[in-house]
Structures are given as structure tokens and as C-alpha cells.
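The chain contents come next:
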There are 4 protein chains.
Amino acid sequence: MTTLTPAILSELEKQSIELPSWAFGNSGTRFKVFGTPGTPRDPWEKIADAAQVNKYTALAPAVALHIPWDLVDSYDDLRKHAEDLGVALGTVNSNTFQDDEYKFGALTHEDAAVRQKAIDHHLACIDVMDATGSRDLKIWLAEGSNYPGQADLRGRQDRLNESLQKIYARLGDDQRLVLEYKFFEPAFYHTDVPDWGTSYAQVSTLGDKAMVCLDTGHHAPGTNIEFIVMQLLRLGKLGSFDFNSRFYADDDLIVGAADPFQLFRILFEVIRGGGLNNPDVAFMLDQCHNVEDKIPGQIRSVLNVQEMTARALLVDKDALTAAQKSGDVLAANAVFMDAFYTDVRPELAAWRESRGLAGDPMAAYAASGYQAKIAADRVGGVQAGWGA
Amino acid sequence: MTTLTPAILSELEKQSIELPSWAFGNSGTRFKVFGTPGTPRDPWEKIADAAQVNKYTALAPAVALHIPWDLVDSYDDLRKHAEDLGVALGTVNSNTFQDDEYKFGALTHEDAAVRQKAIDHHLACIDVMDATGSRDLKIWLAEGSNYPGQADLRGRQDRLNESLQKIYARLGDDQRLVLEYKFFEPAFYHTDVPDWGTSYAQVSTLGDKAMVCLDTGHHAPGTNIEFIVMQLLRLGKLGSFDFNSRFYADDDLIVGAADPFQLFRILFEVIRGGGLNNPDVAFMLDQCHNVEDKIPGQIRSVLNVQEMTARALLVDKDALTAAQKSGDVLAANAVFMDAFYTDVRPELAAWRESRGLAGDPMAAYAASGYQAKIAADRVGGVQAGWGA
Amino acid sequence: MTTLTPAILSELEKQSIELPSWAFGNSGTRFKVFGTPGTPRDPWEKIADAAQVNKYTALAPAVALHIPWDLVDSYDDLRKHAEDLGVALGTVNSNTFQDDEYKFGALTHEDAAVRQKAIDHHLACIDVMDATGSRDLKIWLAEGSNYPGQADLRGRQDRLNESLQKIYARLGDDQRLVLEYKFFEPAFYHTDVPDWGTSYAQVSTLGDKAMVCLDTGHHAPGTNIEFIVMQLLRLGKLGSFDFNSRFYADDDLIVGAADPFQLFRILFEVIRGGGLNNPDVAFMLDQCHNVEDKIPGQIRSVLNVQEMTARALLVDKDALTAAQKSGDVLAANAVFMDAFYTDVRPELAAWRESRGLAGDPMAAYAASGYQAKIAADRVGGVQAGWGA
Amino acid sequence: MTTLTPAILSELEKQSIELPSWAFGNSGTRFKVFGTPGTPRDPWEKIADAAQVNKYTALAPAVALHIPWDLVDSYDDLRKHAEDLGVALGTVNSNTFQDDEYKFGALTHEDAAVRQKAIDHHLACIDVMDATGSRDLKIWLAEGSNYPGQADLRGRQDRLNESLQKIYARLGDDQRLVLEYKFFEPAFYHTDVPDWGTSYAQVSTLGDKAMVCLDTGHHAPGTNIEFIVMQLLRLGKLGSFDFNSRFYADDDLIVGAADPFQLFRILFEVIRGGGLNNPDVAFMLDQCHNVEDKIPGQIRSVLNVQEMTARALLVDKDALTAAQKSGDVLAANAVFMDAFYTDVRPELAAWRESRGLAGDPMAAYAASGYQAKIAADRVGGVQAGWGA
């Protein structure tokens, strides 16, 4: 029985998911960061690891950088290094949460000098983008406050807008700014960009090159995330996804691991709204592999997105529309669930093989010996960590 | 020691909180609605009860109507009845959730005929507004779906916009439309206007006379509501409040009962953003007194808002700003908390007496004999219920 | 490819899921209860409808009663009626939430006379059990308070225990009491049996015939329900399940509809802990079909449980244990997910046919004409509602 | 007007709140730990800082230790150092979350050797208790898993019990074990002691010297914490509190900062259940001062507990009981709120002065010059951090 039609396979063939360089370094919680053998010690090694994911899946042709974690002397060299390994350098992520001066804010800080420092950092990130050919500057802000009264919420919002205007003005014609929102953490009482509405209101004042980034782990409990996907696509402001999954807070687990059905619903709305393989909507992972192996963790992640995209593409839209129009709740839900419950894995494996890839990328990677090699080679030096 | 300065008392004197007519009828949960002696049997009796709240507090000079629950033959007569009792008719609330045809939506329904019926209902509500002199049409929509796949989220959002455009076009020059959002209930899987961002995106396409209504009980767990108050005031789109409080879902408890400090923070942001005694921002209650007495429940509610407004006005803004600018977290929080912990009740009682009101409105109402009188008089007929 | 081994099919053949009689009546939210053609008007018609579910699935051989909603003059007759239709009368559910006297509690009430009334109701339920041959008395209590200070939490807990002791004392040797817990609703501030710990602490003082009932929709957001399943099985106190699903509150949606993977995890722990087809652990549905058809809604529900049980039985326990012991997180998770993602539906359909059942029970019921028949026959009288 | 009666002041005089040594070191989130001048570099300096809190408040006569963070060569010397500064050494906290071997568990680990190591660590903690004269061993476990399937939930629970039995067996006659529960973090999918029910079930099997520790920040959203306080006191198993506050997750903010009314309700139930100044129930702080000053943060914290205890003692219990018994919801709530809204601060300040303390401990500490002194003195060395 063939369920994955040529049209579906054609969409899947185009699918591309950007990997975060920081997923290959060590990460953890405030309680402990566990180290693992073979962890990269510099951006070059992170990109080498990322290229392994693409090698076995053909799904991950770009690697997102995080500045300053991925600062190098020559981005020309880094780009060539990446290209030699079959991948490109992708989105540039700024960081305004690890300097002592940012304790009480960066783009929103009361002190104009601190704000300027944070703005300058973003301008430097755009310099990197010019060198790497990256299109997107992704801005996630750790800014907020821990205690009521600590901060002037309104003043901060106004200052945020001023700062973003200055960064936006520096963008090249083919560059974009995507503003990520996050419900809470690391600030506990208030966060300056806590929800999609705030990100949308902010980027709407900037211009067409400013978009919203939706991280699937950054919402309050019970939030219907696919509704937000629908709304942002409808408003023309969904710039990118940070995929991961969560049980409670911003757990940054493997995408699809905590609630596979939620991922299905999200991808269905992506397709419904024209966001699949649409260059305006970047697919990216943002995960932390605290207790599991990192390269296989990333392989598992992109496969999860691929498999669930295949299922979402299987939804019989005509039957669904007919059931919706007739108010047949159970029939509509049945059409939807039928696609979700279809096991696309055997066909996907066969299709991979038809394209010269391993049917089981996890097994192929495990058999490759790469992990043992890096464990042996990467001795000495300082392992890259999530914050390094 | 006097803490409530003339400037503060002047603000408090201007304060006005609209009462919902439906708060005086019986209400409950899906499990049971308990009846109480003296419950009104028609809109005239509801307004008489509402007038009691204003009589003892001078805080509640207007009563919001709910159509069709408050349909009468002559709104001229109802207005005169209200005026004779010292109150005005206020916001008109539409209802598109109790007709069988609305089972799968109203303004968003797949069927144009059902949508038109719902639109027509809103036009009829504006007719009522013309007769009563009401300014605001408040739209809360129960629309959504219970099962993934049941509804076309995107199509519904587009249809919602079309329907709202038609309603908006009918508004008079001095009339407004306020669109309320709600996280969940009565739909369980998706709600068509679930968050402030959606309400804001929708009303922004309509025009200046369309605003957002913020119900304090309609957010996901952990949401920072005062941040949304700040943001909507900043964007010029906060049209009205529905005050109540909640522990878990949309409990519709007495405002300030569940988390008094949250109410303080909300009112602080109202003041900070220029929303207090600003005609653009209507203060309204939306509560259900399931187990407590209704008239005293409403008296307690408006007093809670008044007392907490007094505390929020007490915040020493200069000291707060100085602490915020210097990054002194504990000092800023202390300025904030000092106002919250100040017991303004004795001074407010004295001030009430100075204005010819009872110092203790709850006790004065209890002593008035009104409750016994309505319990004796209102025998026979059908008690008004939340949905009647 | 055959994945469902004889051992698995043997387990599935034994599976039995009790249906709630009230699922066949109308239900809704505090906003609206929608009616549907053909809704039963009395317990006899409810049981007839329930028998349809069993007819097409062979999964639902018992029907739970709710007293007083299902009061009849002769339980002998009702039992014969059920048996004639191929089903048995099952668990008896008490109701202490719809009398005016229970406004402030029943088994916990301050007034001994009200408590005695509630105790007597439970004793009457046991009389019904004697007549029907039911084993289990299920107690769900709506008791709690809406405002801090309203109730004496400690006194209520002590009174609850006294009342339960009296009910327990009346149980026959082969009868049990199962005490359900619920996080919130209809009380908003506190609930007298809010969590498994409270139910466990209470029933532990009663004796071996008192157990905990776990309703899958009665937990705080983010709660790991399968952990509780594991713990109660470990403690020997898991008496029964009320299956349903939820997105936010106690939505009472079709089991498995909101989070199929959660249902998988729960059933895996049932199997792991020896709870599958164990007479000590009753499987029951507790759902409300507010917008979908009721009989097909129940058919869909028992099929969901069956399909997910099949998947949970597919987990390769040896491989799982090996991966767990070696700390191979990705491998362990992969074994687990492999079972979840396996599409068991075609094999289950074939197996059903081999047993003389329809491969697709939903289609078979739809084709049977039963729905049209009851819509035509059941005209006049008062439709059964959730609270009737 | 005097509201704090001699009986109330007598209770307040007896009040004692243990401070955590780790609150004086640096702490932060996974994103960043900010350093501050004057931060202690060893246990001796932490105790010196803790003694400052007691000096200005007379509320904090004991300091809890964390092993191995507070390992010293001679606990005799440390005890004498503490006594010289007017404080005692209190609860000993174990740590099984920072060794690489504990990546997949400690007391629950699959490997008996790892379990034994974790057990031995607890035995070593009891050795410290013998040396310091501490009564309580507090066990908080970071154990759990991040992915479904990763761990055998049931096996871990059984192993946990075995390990606890071995630790319990080593306790002296006057020593206790308190087992803390936590909803989530650092494990994301499951936690081995996630709720009070699990902690209660575990300690109940150990014996009378094993109790539950309730950390106010360790519950699912919406949990009624005062209910749990009531229940554990009722069951005789509330061993200690870890006080702090939170807006969303385990924020570890200053107690009373996020929801003062919740703290009031908790303390009311403590009093109601006989837990105030009851030696069986230890009051302790467990907080992280990420962005605020640490010593004043602790002073503010113990004052918050004292002030809220005073308010909770003000509740007119006779009036409350009368209103509760008569079902007068508003009157009962009014009695409760009246106490909460009473401003006890001026009277407490006067009372402090009458006892030879500063009326305003925060101001007195600020004026003391201690902060400047430690900032100047404590240069060089390694600052103590939360994990060090």
C-alpha cells in the first residue's frame, strides 16, 4: 500500500531544517551540566557534527550560529569549512544575556549606554551575517524582572522599540530580523517579550523585514500553539520556528518527544497556511540534549519533523472540509486522526534508500564510527557548553 | 496619620465601575445552579438591585445590559426606571451562544445564513444602544471547537473579520465595539478569540472605534495580566475591563478575592498608563455569585476595586523611579509593597462619611432591610438566571 | 506483517470498558446544553444505547448507573433489560451535588443532618448495588468552597472521614467503595478531595474494600498522570479509571482525543504494574459528548482505548529494559515510540472480523439505521440530560 | 489602636526561621549567574552573613548546611564559630545531583553501586549531624527522567524505598529525615518524588522519624498549597517548610513576594493545625537571590514571614467559625480578609524596639556598614555559588 504520493514526496524532498550550533555543546540545568566524550571545542567542530546530521538525513543543510559563542576570526573560512562538509551557515543568533552589564536588561535597560552596547552587539551580528551570507538575525531577549516594582514595564517596552528600530535600520535589503517571544525564564516576574502579541506589535512597527519567531516551548500551559501558527501565517508575520518540545517549562527536549500529536497539529496548520517550504518561514531546531547523545539527538529531531510533516500532508483535505462544513464532528476528527495514526516510517525508509540515503539514519550514524572517533580525537581543550 | 491626599481622593471620587445586570440573577456551574430568595425576575428588578450597590457606594452609576436576557418592550421606560433609581444604562453585551444554530459558531460559522443571523443580532444590539444611549457594544464569543480537525481555524478567523467589519459599519459616531478574548471555555480545543493578540489584530483592522476588552479571568495559568494592561494602553487599544478573579479557570469570583496583590499590580499599570478615570477605558465587573449573596457581593466587589485603587495611587512614584534607575531591586519592591500593605480602609470609611455615605456600605446595606423586602416581594414568576 | 501476537490478542480479547449511562444523555457547559434527536428519555433507553456500543465492539459489556439519575422502580427489571441486550449493570455512582441542601457540602457539611442525608443517599446506592449485583460504589464529591475563609478545611476533612467510615461499614463482602479525586470544579477555591494523596489517605483508613478512582481529566496542568497510575498500582490502591481527555480543564472529551501519547503512557504503566485485565482495576469511561454524536462517540472512545492498549502491549520490554539499564536514553525512547507509532488499526480490523464483528465498528453502526430509528421513535417526553 | 495582643506577641517572640547557607552565595539560572561584591567564599563567611540576619531580626537563630557545599574540616569549630555569632547549625541538606555518576539517578539508580554511593553520602550527612547537633536530614532528590521510556518508573520507586530504609536505619533517636517533593526540574518528564502523596507514601513506610518537607515553590500551577499544609498536619507528617515564592516555576523568590495572600493562607492553616511554634514543624527558607542583595534579601524574607504570621494570628476565629457554620460566605471571607488587610507593620516596629531591636531591620542593616566591609574584605578566593 502506498500512501505517500509523489506530490507528498516532492514536498518532503524540499524540506529543510536548520540546526543550532549550540545543540552540539554540553547543556544542562541550573543544577548541573553533564559533560560527554567527543563534545566539540570550537565552532569548527560544532559544524562538523552538524554536517553529520545532514549527511544521514539530507534534511539539515544549514547551521545557525550564536554570537559570541561562535565567534571566529574568519567567517569566510568558516563558511568554506561548512560548504566543504555540505552545509551552509544560517541564522545568526544574538546574545545579550551573559554580560554582567545586562543584569537588569539590554535593549530595554534604563541606561542608554547599556542599551547602546546591546544595539552594537546586534549590529556586529549583522556584520557576521554579511560575511556568512546569512539572511536572518534572530533576537531572543532574556530581559525582564523578578519582583513587582523592580522595573518600569511601560518604559522598557518603549525603549525596546527604540532599540529595535536602530537594529532594523542596519539590515540589508535581503536580511531580516525575527523577534522571538518567551513566556518566562530567566526572568520570573515579567518578561519584556512574553507572547506573540507583543512580538507582533513590536515587529509591525519596524517594517516588512521584521517577523516573529515562534519557539514551540515558549508558551503558557494549555496554550493552543497551532492557533498562533495559523494567526501569524494569516497576518504574514511568521518568520521562523524554533522547534523543540516540553512537558512543563522551556524543557528544550527533542521536537515531537513530549506531545507528538501537538507537533502534527502545528505542521498541519503550517501546511494549511502555506508555510511549508515557503522561504519566508524558516524551520529551525532549538534544543538542549542534556542527558542524551547530541548528534543522534539532532538526527532523531529532524526525522521527527519529517515523519510528522508526512503525516500532516496525508490529511484528506477534501474529506476534512466536507465533514467540517456538515458539522460532523466525529467524521472531521476521524479524517484528522487517520493521518496522524498512519505509520509512514516504512515508506519513508524506502524513499530514503531510493535517494541514496540510509533507510535508518540513526542506525547508519551509529554504525559509522564517528562518535568513537570524536571521543578519541577531541581530548584536551575546553568543551563547548551551551553558554560557551 | 493621613495617607490619602486630596489628589488621591479626587481620583477616587471620579471612579466609576459598571455593574453587570446578570450578576443579580442566579448562576452556577454545569453541575448545579442554586436559587436564592429575592432574586430578580426581570430587567427592572435587576436594575433596582444594581441601584442599591450605587446607593451605598457611589461607585456604580451604570448597569450593563445583556441581550436578549435584558430585552424589554421599551428601553425609554427602562432608562427612566434606571434614572429614577440614580443609575444609567451602560454597555450592551451581545449573546451568540444560546441558540441551537450557534452550536458550531456564530460570527465564524461555515454557513453564511447563520453568520448573518449573528450579525443581525449585533445590529439589533446597536439598536438597543441607540435607545439606551449606551456607548459600548461588548462582544464576547463562545465560538471554537472541541476536537482537532473539527474546525478550519484559518477560515473561521477570516470569517470572523468579515462579520466584525459588518457590525462595525453600523456603529454610530459615538459608539464603540469592544472585543473580548478568552483563553478557553465553553470550547475546549480551540477558541476563535483566545488571547489579547488575536483581539488586537482583529480590532486593528476595523478602525478607531474598535477596542479590546480585557477580562481578568480569561488568561492561561501564569500569565502576567498587568503586562497586557500596560501593552494595550501603550497601543491605545484598551477599551474596557471585565473585573473578576479566579483560582484556576474562569471562576468569575469577586474581584480581588483570589489574588489581591494581582489586582493591585493591574491597577498600578492602569494608573501608570493613564487609564484611570480615562473615558476610553471602561471599568466593569463580570462576576457570578454562585454561593454568596448577590447585592452584597457586588458591593464588596466595587469596594475592593476602590480600596485597591487607593493603594495603587499611594505608590511613591519618585522613590520607585529612583530605585528602578539605580537597580536597587529590594528598594523598588519595598516602595511598591509599602503601598500595597497600607491599610486604607479607615480613611476611606471616614471619607465616605464626609460625603454623606455610610462608612461601612456592607453593614449599611445589611441594616437596610432591602434583602428581606425583596425576599418577601419577589415570590412567584421565574427567577432570572445567568442564562435568562 | 503481523505485529499483534496471539498473546497480545488474548489480552485484548479480555478487555472490558464500562460505559457511563449519562454519556448517552445531553450535556454541555454552564453556557448551553445542546439537544439532539433520539436522545434517551429514561434509563431503559440509555441502556439500549449503551448496548449498541457493545454490539459493535465487544468491548463494553457493562453500564455504570448514576443515582438518582437512573432511579427505576425495579432494578430486577432493569437488569433483565440489560441482560437481554447483552450487557450488565455496573458501577453505581452517587450524587450529592444537585440538592439545595448540599450548597455548602454533603459528606463534609457543618450540619450533621445534612451529612446524614448524604450518608443515607450512599446507603441507598448500596441498596441499588445489592439489587443490580454491582460491585463498586463510586464516590465523586463536588464539595469545596469558593472563597478563602468560607470553610474550615481541616474540620471538613475530619467530617469526610467520619462519613466515609459509615458508608464503608455498610458495604457487603464483595462490594467496594472507590473514592474519586478532582483538582477543581465545581468549587473554585478548595476541593475536599483534590488529589490522589488525599483520596489515598482517606481510603487507607477505611480498609481493603476502599480504593482510589483516577479520572484522567482531574489533575493540575502538567501533572504526570502515568506516574500516579504507577504509584497507586504499587500501593495496591488503584480501584478504577474514569477515562476521558482534556486540553485545559475537566473537558470530558473522548479518551485519547486530546493527547493520544499520554493515553499510551498511561496504558503502558497499567500493563507494567499488572493492572490490565486485573479485576481489581475497573476501566470506565466518564465523558460528555457536548457537540458530537453520543453513541458513535462512545464507540470511538472504547476503540481508542483498545487501539492504544494494543500499542502499549507492543512495547518490546526486553529491549526497553536493556536500554534503560545501559542509560541509552535515545534507544529506550525509540523502543517506546516504535510501539506508539505502529499502526495497529488494520490488524485489529481483521481480528474483529475473525471474531464475527465488523472490521469498522463506526461504519457498521452508521449503516445500521439505529440512529434514524431512535430519532423517529423517541419523540415526546423529556430527554435525559447530564443532570437528569 | 493596639491589635497585636500579648498572646499574639508571645507567639511571635517564639518564632524561629532557619536560613539556608546557600542563600548567601551567588545563584542564577541556566543562562547566567551574576556575581556580587562581598559574596562569601566559604562556610565560615556564609554563617557570618546569616548571623547578620538574626542580629537585626531575632528571627533566624539557625543556619541550614548543604553537604558537600559546606564541608569543613571541623564541625566543632564551625559550631563554635556560629555560636559566637549567636546562631546554631541547623538542618543538614544532602546533595546527590552534582556528580557525574548521578546523571541517571542516585537513590533510584539502576546500578546498585551508584545507589550505595548515594546512600553513603547520606550516612556521611548524618555523621555531620552528629557533629553539629543537627536534628534534621533533609533529602531533596533531583532524580527523574527527560523522555518517556527512558526510565522504569516503578522500579525506581521501589529502589527509592530500599535506599531510604537504609538511610533511615542510621538515624539517631533524636534525629529525623524529611523528604522533600518537587513537581518538576531538573528532570522534565518524570520526577521520582513529584508530589506530597509520594513523599507521604514513602515516609509512612519508614517510621515516626520520617516526615514530609513542603517547599512552597514545588507544586503544579493552581495547586491549593494550604490544603496540603492542612492535610499533612492532620496526618502528623508535616516535618518542615521550605519557604520561598514563585510566579511560574521554582523561582525561589523571596517568600511572600509573588502572592502575599497565599502566604497568609498557608500560615493560617499552620496555626489552625497547631503547626506554629511546634517543634515538629521546622520553618526554613529556601531561596535564591539572583538579582537582589543577599543579606537584605534574607532579612526581608524573615520579616515577611513574621508580618504575615502576625496577620494570620489576627483572624477572629470565633467570628470566623460562626460565619462558617451559618453558611455566610461573605461574612466568613470578610473576617479572613480583615486580618490580611490589617497593617501590622507599625506595631511590629514598636514591639521590636521594645525588645532592643531596630524598628526597621532593613534600614538598620543598611546603616551598619557591614555590606561595605565585606565587599572590601572578601577580595580574592572563589566566591561561593549556589552549586559550590
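All values derive from a computational prediction rather than experimental measurement. Counting restarts for each chain, with residues numbered from 1 along the sequence as it is written. As they are written, the chains are lettered A onward and the ligands numbered 1 onward, keeping that order. The predicted origin of the model limits local features to residues at a pLDDT of at least 70 and limits the giving and counting of side-chain atom pairs to 80 or more, whereas totals for whole chains, interfaces and linings rest on all residues. No hydrogens and no water enter the side-chain calculation; it runs on all heavy atoms of the structure.

Chemist: Account for the side chain of His 219 of chain D, with residues named and values stated.
Modeler: Residue and element names in this part refer to chain D. Working definition: helices are DSSP H or I runs of at least four residues, strands are E runs of at least two. Numbering for both runs from the N terminus. In this fold, His 219 is placed in the loop between strand 8 (210-215) and helix 7 (225-234). Throughout this description, a polar contact denotes any pair of N or O atoms lying within 3.5 Å of each other; where both atoms belong to protein, one of them has to be capable of donating a hydrogen while the other can accept it, and for residues adjacent in sequence the pair is counted only when both atoms sit in side chains. A distance of 2.7 Å separates a polar atom in the side chain of His 219 from a polar atom in the side chain of Tyr 181. The contact definition used throughout considers only heavy atoms, calling two residues in contact when any of these lie within 4.5 Å. Setting aside residues no more than four positions away along its own chain, His 219 makes contact with Tyr 181, Phe 183, Leu 214, Ile 225, Ile 228 and Arg 246.

Chemist: So what's going on with the interface of chain B and chain A? Which residues, and what values?
Modeler: On the side of chain A, 53 residues touch chain B, which itself brings 53 residues to the contact. Buried area: the accessible surface (1.4 Å probe) lost by two parts on joining, summed over both. For the pair chain B and chain A, the two sides together bury roughly 4200 Å², of which 59% comes from carbon and sulfur. Three residues stand out in chain B for area buried against chain A, namely Arg 154, Phe 227 and Arg 234 of chain B, and they jointly supply 16% of the buried area on that side. The rule for a salt bridge is simple: a side-chain nitrogen of Lys or Arg has to be within 4 Å of a carboxyl oxygen of Asp or Glu. At the junction of chain B and chain A, the tally comes to six salt bridges. Lys 325 of chain B is the salt-bridge partner of Glu 110 of chain A, the closest N and O atoms lying 3.0 Å from each other. At the junction of chain B and chain A, the tally comes to 22 residue pairs in polar contact (both at pLDDT 80 or more). Residue assignment for the side of chain B that touches chain A shows that the elements contributing at least two residues are helix 5 (153-169), strand 7 (190-191), helix 6 (196-204), helix 7 (225-234), helix 8 (260-272), helix 10 (317-326) and helix 11 (329-341) of chain B. Examining the composition of the side of chain B that touches chain A, we find that seven residues originate from one element, helix 7 of chain B, more than from any other. Residue classes follow a fixed rule: Ala, Val, Leu, Ile, Met, Phe, Trp, Tyr, Cys and Pro count as nonpolar, while Asp, Glu, Lys and Arg count as charged, and any other residue, Gly among them, counts as polar. A breakdown of the residues in the side of chain B that touches chain A according to their chemical character gives 23 nonpolar, 18 polar and 12 charged.

Chemist: Any chance you could break down the pattern of salt bridges for me, citing the residues and the numbers?
Modeler: Tallying each qualifying case throughout the model produces 120 salt bridges over all chains. Between Arg 154 of chain B and Asp 158 of chain B there is a salt bridge, with its nearest N and O atoms 3.3 Å apart. With Arg 154 of chain B and Asp 158 of chain B both in helix 5 and four residues apart, the pair spans about one turn of that helix. Exposed residues in this analysis have more than 50% of their type's maximum accessible area, buried residues have under 20%, and partly exposed residues fall in between, with area computed by a 1.4 Å probe over protein chains only. Residue classification places Asp 158 of chain B among the partly exposed residues on the basis of a relative accessible area of 29%. Shared partners join several salt bridges into a network, and the residues in it are Arg 30 of chain A together with Lys 182, Glu 185, Asp 250 and Asp 252 of chain D.

Chemist: Help me get a handle on the relation of the copies chain B and chain A, residues and values and all.
Modeler: Least squares is the method for superposing the copies, and the C-alpha atoms it fits come from residues with pLDDT of at least 70 in both. Taken as rigid bodies, chain B and chain A are interconverted by a rotation of 180 degrees and an axial shift of 0.0 Å, the fit giving an RMSD of 0.0 Å. In symmetry terms, the pair is related by a two-fold rotation axis. The rotation axis passes nearest to the C-alpha of Gly 197 of chain B in chain B, at a distance of 2.1 Å. A shared binding surface is used by both copies, with 100% of the interface residues of chain B retained as interface residues in chain A.

Chemist: Give a detailed account of the confidence of the model for chain A, specifying residues and quantitative values.
Modeler: The predictor's confidence in any single residue is recorded as pLDDT, a number from 0 to 100. Across chain A, the average pLDDT comes to 97, with 99% of residues at 70 or higher. Scoring the predicted complex yields pTM 0.98 and, for the interface, ipTM 0.97.

Chemist: Any chance you could break down the packing of helix 9 (residues 294-313) of chain B against helix 13 (residues 361-368) of chain B for me, citing the residues and the numbers?
Modeler: When two helices pack together, their arrangement is given by the angle between the helix axes and by the axis-to-axis distance. Residue and element names in this part refer to chain B. Note on geometry: axes are lines fitted to C-alpha atoms, helical ones only across the stretch in contact, with angles between N-to-C directions running from 0 to 180 degrees. Between helix 9 and helix 13, whose axes approach to 10 Å, the crossing angle comes to 160 degrees. Comparing their axes, helix 13 and helix 9 come out roughly antiparallel. In the crossing of helix 9 with helix 13, the sense of the turn from one axis to the other is right-handed. Here Ile 295, Pro 296, Ile 299, Arg 300 and Leu 303 of helix 9 come into contact with helix 13, specifically with Pro 361, Met 362 and Tyr 365. In the contact of helix 9 with helix 13, the residues fall into seven nonpolar, no polar and one charged. In what follows, roughly perpendicular refers to angles from 65 to 115 degrees, roughly parallel to angles under 35, roughly antiparallel to angles over 145, and oblique to any angle outside these ranges. By convention the crossing between two helices is left-handed if the near helix lies anticlockwise of the far one by an angle smaller than a right angle, and right-handed if it lies clockwise.

Chemist: Account for the packing of aromatic side chains, with residues named and values stated.
Modeler: Here is the rule: rings of Phe, Tyr and Trp (six-membered ring for Trp) pair when centre to centre is within 6.5 Å. Planes less than 30 degrees apart are stacked, more than 60 are edge-to-face, and the remainder are tilted. For the structure on display, the rule yields 96 aromatic pairs over all chains. Between Tyr 248 of chain A and Tyr 248 of chain D the ring centres are 5.3 Å apart and the planes differ by 5 degrees, which places this aromatic pair in the stacked class. Here Tyr 248 of chain A, found in the loop between strand 9 (238-243) and helix 8 (260-272), pairs with Tyr 248 of chain D, found in the loop between strand 9 (238-243) and helix 8 (260-272), and the two come from separate chains. Summarising the burial analysis for this pair, Tyr 248 of chain A and Tyr 248 of chain D share the class buried. Three or more aromatic residues joined by ring pairs make a cluster, and in this case those are Phe 261, Phe 264, Phe 268, Phe 336, Phe 340 and Tyr 341 of chain A together with Phe 261, Phe 264, Phe 268, Phe 336, Phe 340 and Tyr 341 of chain C. Only Lys NZ and Arg CZ are tested; either one counts as a charge over a ring when it is within 6 Å of the ring centre and within 35 degrees of the ring normal. Of note, Lys 209 of chain B hangs over the ring of Tyr 168 of chain B, and the distance from its end group to the ring centre comes to 5.5 Å. Cation over ring: Lys 117 of chain C sits above Tyr 102 of chain C, and NZ or CZ is 5.4 Å from the ring centre.

Chemist: Give a description of the interface of chain B and chain D that names residues and reports values.
Modeler: The interface of chain B with chain D comprises 26 residues on the first partner and 27 residues on the second. Each partner contributes to the roughly 2100 Å² buried at the junction of chain B and chain D, and carbon and sulfur atoms together form 63% of this total. Per-residue buried area on chain B facing chain D is highest for Leu 330, Tyr 341 and Arg 345 of chain B; these three make up 31% of the total on that side. Linking chain B with chain D are two salt bridges. Of the charged contacts, one joins Arg 345 of chain D and Asp 338 of chain B as a salt bridge, the two residues approaching to 2.8 Å between their closest N and O atoms. Looking at the side of chain B that touches chain D, the elements that each hand over two or more residues are helix 8, helix 9 and helix 11 of chain B. It is helix 11 of chain B that provides the largest number of residues to the side of chain B that touches chain D, a total of six residues. Residues belonging to the side of chain B that touches chain D are distributed by class as follows: 15 nonpolar, three polar and eight charged.

Chemist: Please set out the environment of Leu 123 of chain C residue by residue, giving values where relevant.
Modeler: Locating Leu 123 of chain C in the fold gives a position in helix 4 (residues 112-132). In sequence terms Leu 123 of chain C and Ile 167 of chain C are 44 residues apart; their C-alpha atoms lie 6.4 Å from each other.

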